[in-house]
Amino acid sequence: MKNVMSNKFVITLYTLPALLLILVLIYIPITLSGYYGLMDWDGIGEMKFIGLENYVTLVQDKVFWTSTWHSFQLAIFSAASLLLYLGISLVLASKIKGSDLLRKIYLIPMLLSSVAIAQLWMKIFDPNNGMANKLLEMFGMENTPLWLADPNIALYSIFIPVIWQYAGFYILIYYAALKNVPDEVIEAAKIDGANALQIAFRIKLPLISGVFKVTIMLAVVGSLKYFDLIYVMTGGGPNGASEVMASYMYKEAFKLNNFGYGSAIGFGLLVICLVMTWLTSKLTKSNDDVQF
Amino acid sequence: MSKVSTQLVTTNHSVPETTKKSYLNKIGFGFLYLILGLFAIIQIYPLIWLVFFSLKNNQEVFGMSPFSLPQNPHWENYTRAWTSGNIGVYFFNSVWITILSVALTTILASFVTFAVTRMYWKLSGLVLGLFLVAYMIPLHSTIIPLFNMYNNVNLIDSPVSIVLSYTTFNLPLTIMILLGFYRTFPREIEEAAVMDGCSVHRIFFQITLPMTVPVLSTTAIINMIYNWNEFVFVNTFISSDKWKTLTVGINNFVGQYLTDWGAIGATLVISIVPILLTFLFLSNKIVEGMAAGSVKG
C-alpha cells in the first residue's frame, strides 16, 4: 500500500507543474522586485546598479508616505466598517424571513468587476447628472460636492464604492459563522433568561471571534494593496489626492518608466503588507487571552 | 400571536404586559426590516439606475431627472455598443481565457492536493507551505518583474502570459479550498483500490476526481468570477485590441465615449450580464465558495 502511494515519480509528476508555476511566477518575481529596486532602469535599456539609492529615496519620498497614509486610511476605514456588517449579520441571522434573499442581494456588487464598478460610480458621482448630487439636492443641499474632482474628498469618495463592493462579502462570512453557532447553546441561554442583546454580545459574538479576526486581516491587507478602483476612477488624482501605494508604484513603473524605483515601491508594499499581516495576527491573538 | 391569545384565556393579569411586549417586538422587527431593506436598496439600486441610463438617449440623461424611467427604451444603445467597438472580440477573449485558466488551475490544484493529502513523502509539508504562503503575497509586488520576465521570452501582448498568470495566482486559494474537502473525505475507498492493485493514476482519475466534483465546481465558479473580472494583468501585459479581455477593453472603450452615457451604460451592462446570470442559477455554489475560501484563509 505504502509503496504505491509513495511512488516518487508520481509525486513529482503531480506536484512539479504547479510548483514550478508558483516558483517562477510568484516567488522569483517577489525576489526580483527587491533586486530591481537596486537598479537605475527604465524598463527597456541597460540596468545600472546604484545600490540602496532607490530605497533611500523611497524612505524620504513624501509622495510615497502620503500614499501609504492613504492606504492605511482605507485599511482603518474598512476594518471599522466590519462592525456595521457584523451588526447587519446579527439581525440577518436571527431567524428572519427572507434572510437568504437579502444576503444574496447584498452580495451582487462583489461579483462585478472593479472596472464596471468604477465606471458606474464615476457616473453616480458626476457633479451635474449623477445620482449622488441629485439625491443631495432632493434633500435640500445647495453646494453639492464635486466628489472625485475635489482633492479634499476624492479619496473618501472612493471609499463609498469600496464599501458597496465588499459589504455583501463580509456579511456572507459573518452570516455563515453565526449560523454555525449551535442552537442548543442559544436555547440554554434563553432558558437562563438571557435577552436578545445578551445572547448577541455574550454568546454569539465571542463564539465567532475567530472568524472576526480573519476578516480584520482580510480587510486590512486587502486595503493596503487596493488598486483597481482607484486606478480607473481617479488614477491617483487629482494631484495625488487619492494616490495609494499600489497606484503610485504602477504610475512610476508603467507611466514614468522608472522601473527601478517602481520595483522599490513594490518591494516596500510587500514588506508593509507582510508586516501588517503579522502584526494583525499578533494583535488579534493576544485578545484571546483576555476573553473569559 | 397564538401565544398571546392563549394567555388571554388563562391569565388575565399578564395580558397588558404581553401585548405591549409583542407590539414593541413588532415595532422593533419592523425597524430592523426597514434597515435591512434599505441596505438592500443601496446595494441594488445603482445597478437598476445603470440599466435605466443604458436605455436613455442624451436628452433624457442630461435634460431630465436621473431617477426618471427611460421613456422609449433606446435598445439601439446596445447595438451601437456591440458593433462600434470590439466588444465581441473582448467578450470572446474573456470567455476562452477564463475557461482555459479555470480548467488548468482546477486540475493542477487537484494533483497537488491529492499528492499532499493522499500520498506519503517527506517534503509534503514544505510544498504545501509554499502554496499557502503564496496566498499572502500581494500580486501588485510581482507585476514589474513579471512584465520584464514575459518581455524577455516574448510573451508580452500574448494571451499565454494572461493564462499563465491566472492559472498560477488562483492555485493557492483553490488548493486551500480543496484541502478542506480532501481532509474530511474518507480515504477507505482509495485504500481498497490500492489493495486491488489499482495504479495511482487510475485512483486519482477514476475515484478521487469524480468524488470531489462538488467542491471542484465550487472552486471553478469562484475562479471563473475572479478571472472574468481581473484587470491589472491584462492592463499591463496586453496592448493590442485583439487580445484584450472585457474588463480592459470596456475600460478603454468607455473612456473614448465620455458623453454618450447610453452607450457607456449598455457596454457596462453587457459586461456584467454573464456574471449576473451565473449568479442567478448558481448562487448557492457561489456563496459557499466565497465563504469557504475566506474563512480557511
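See above for the structure.
Residues numbered from 1 in each chain as written. Chains lettered and ligands numbered in written order. Predicted model: local features only at pLDDT ≥ 70, side-chain atom pairs only at ≥ 80, totals over all residues. Heavy atoms only, no water.

K.L.:
Residues and numbers for the overall build of chain A, please.
P.N.:
Broken down by element type, chain A carries 14 helices and two strands. Computed over its C-alpha atoms, the radius of gyration of chain A comes to 24 Å, more than 25% above the 19 Å expected for a compact globule of 292 residues. Principal-axis analysis of the C-alpha atoms places the extent of chain A at approximately 80 × 75 × 35 Å. The proportion of buried residues among the 292 residues of chain A is 55%. Carbon and sulfur atoms make up 65% of the accessible area of chain A, which amounts to about 13,500 Å² in all. Averaging the locations of the 20 positively and 19 negatively charged side chains of chain A gives two centres separated by 10 Å. (Helix = DSSP H or I, 4+ residues; strand = E, 2+ residues; numbered from the N terminus. Rg over C-alpha atoms; globule rule 2.2 N^0.38 Å. Buried < 20%, exposed > 50% of the residue type's maximum accessible area, 1.4 Å probe, protein only. Areas by Shrake-Rupley, 256 points an atom, 1.4 Å probe, with all protein chains shown as cover. Lys, Arg positive; Asp, Glu negative; His and termini not counted. Charge placed at Lys NZ, Arg CZ, Asp CG, Glu CD.)

K.L.:
Provide a residue-level description of the interface of chain A and chain B, including the pertinent values.
P.N.:
Contacts between chain A and chain B engage 88 residues on the former and 87 residues on the latter. In total, chain A and chain B occlude about 8,300 Å² of area from one another, counting both sides; carbon and sulfur atoms represent 80% of this. Contact with chain B buries surface across chain A, with Met5(A), Tyr14(A) and Leu111(A) losing the most and accounting together for 10% of the total. Counting the contacts that link chain A with chain B gives zero salt bridges. For the pair chain A and chain B, the number of links is 21 residue pairs in polar contact (both at pLDDT 80 or more). Tallying contributions element by element places helix α2 (residues 8–36) of chain A first for the side of chain A that touches chain B, with 20 residues. In terms of residue class, the side of chain A that touches chain B is made up of 66 nonpolar, 13 polar and nine charged. (Contact = heavy atoms within 4.5 Å. Buried area = accessible area lost by both parts, 1.4 Å probe. Salt bridge = Lys/Arg side-chain N within 4 Å of Asp/Glu carboxyl O. Polar contact = N/O pair within 3.5 Å; in protein donor to acceptor, adjacent residues only side chain to side chain. Nonpolar A, V, L, I, M, F, W, Y, C, P; charged D, E, K, R; others polar.)

K.L.:
Which residues make up helix α4 (residues 62–92) of chain A, and what are the values?
P.N.:
Look at α4(A): 45 Å from first C-alpha to last across 31 residues, which is about the 45 Å you get at 1.5 Å a residue. Near the N-terminus of α4(A), the side chain that reaches the backbone nitrogen of Val63(A), with its oxygen 2.9 Å away, is that of Asp61(A). (Expected span 1.5 Å × (residues − 1).)

K.L.:
How would you sum up the environment of Phe259(A)? Please name residues and give values.
P.N.:
Summarising the element assignment, Phe259(A) is placed in helix α14 (residues 259–290). Setting aside chain neighbours within four positions, we find Phe259(A) in contact with Trp41(A), Asp42(A), Gly43(A), Ala253(A), Phe254(A), Ile144(B) and Phe147(B).

K.L.:
Break down empty space enclosed by the protein for me, citing the residues and quoting the values.
P.N.:
According to the stated counting rule, one finds four cavities of 30 Å³ or more in the structure shown. Lining the largest cavity, in full, are Leu112(A), Ser113(A), Ala116(A), Trp228(B), Asn229(B), Leu246(B), Thr247(B), Ile250(B), Ser271(B), Ile272(B) and Ile275(B). Put simply, the parts of the chain that give the lining of the largest cavity at least two residues each are α11 (213–229), α13 (246–257) and α14 (261–296) of chain B. Looking at the lining of the largest cavity, its residues break down into seven nonpolar, four polar and no charged. Quantified by volume, the second largest cavity comes out at close to 50 Å³. (1 Å grid on protein atoms, 1.4 Å probe; cavity = no way out; pocket = protein on both sides within 12 Å on 5 of 7 lines; lining within 4 Å. Points joined across faces, edges and corners; volume = space filled by probe spheres on them.)

K.L.:
Describe the packing of helix α5 (residues 87–118) of chain B against helix α10 (residues 200–211) of chain B, with residues and values.
P.N.:
All names here are of chain B. Viewed as axis vectors pointing N to C, α5 and α10 meet at an angle of 115 degrees, and their least axial separation amounts to 12 Å. The pairing of α5 with α10 is recorded here as roughly perpendicular in orientation. The two elements α5 and α10 cross, and the hand of that crossing is right-handed. Taking contact as the criterion, the partners of Ile-107, Ser-110, Phe-111 and Phe-114 in α5 are, on α10, Val-200, Ile-203, Phe-204, Phe-205, Thr-208 and Leu-209. Residues of the contact of α5 with α10, tallied by class, amount to eight nonpolar, two polar and no charged. (Axes fitted to C-alpha atoms, helices over the stretch in contact; angles between N-to-C directions. Parallel < 35°, antiparallel > 145°, perpendicular 65-115°, else oblique. Left-handed = near helix turned anticlockwise from the far one by under 90°.)

K.L.:
How would you sum up a nonpolar patch on the surface? Please name residues and give values.
P.N.:
Taken together, the side chains of Leu16(A), Leu20(A), Leu23(A), Val24(A) and Ile28(A) define a hydrophobic patch exposed on the protein surface, amounting to about 370 Å² of accessible area. Examined against the element boundaries, Ile28(A) turns out to sit in helix α2. (Patch = residues over 30% accessible without salt bridge, like charges linked within 9 Å, V, L, I, M, F, W, Y side chains within 5 Å.)

K.L.:
Describe the packing of helix α13 (residues 245–255) of chain A against helix α7 (residues 143–152) of chain B, and please don't skip the residues or the numbers.
P.N.:
With their axes 11 Å apart at the nearest point, α13(A) and α7(B) run at an angle of 30 degrees to one another. Relative to α7(B), the element α13(A) lies roughly parallel. For the pair α13(A) and α7(B), the contacting residues are Met249(A), Ala253(A) and Phe254(A) in the first and Ile143(B), Ile144(B) and Phe147(B) in the second. Residues of the contact of α13(A) with α7(B), tallied by class, amount to six nonpolar, no polar and no charged.

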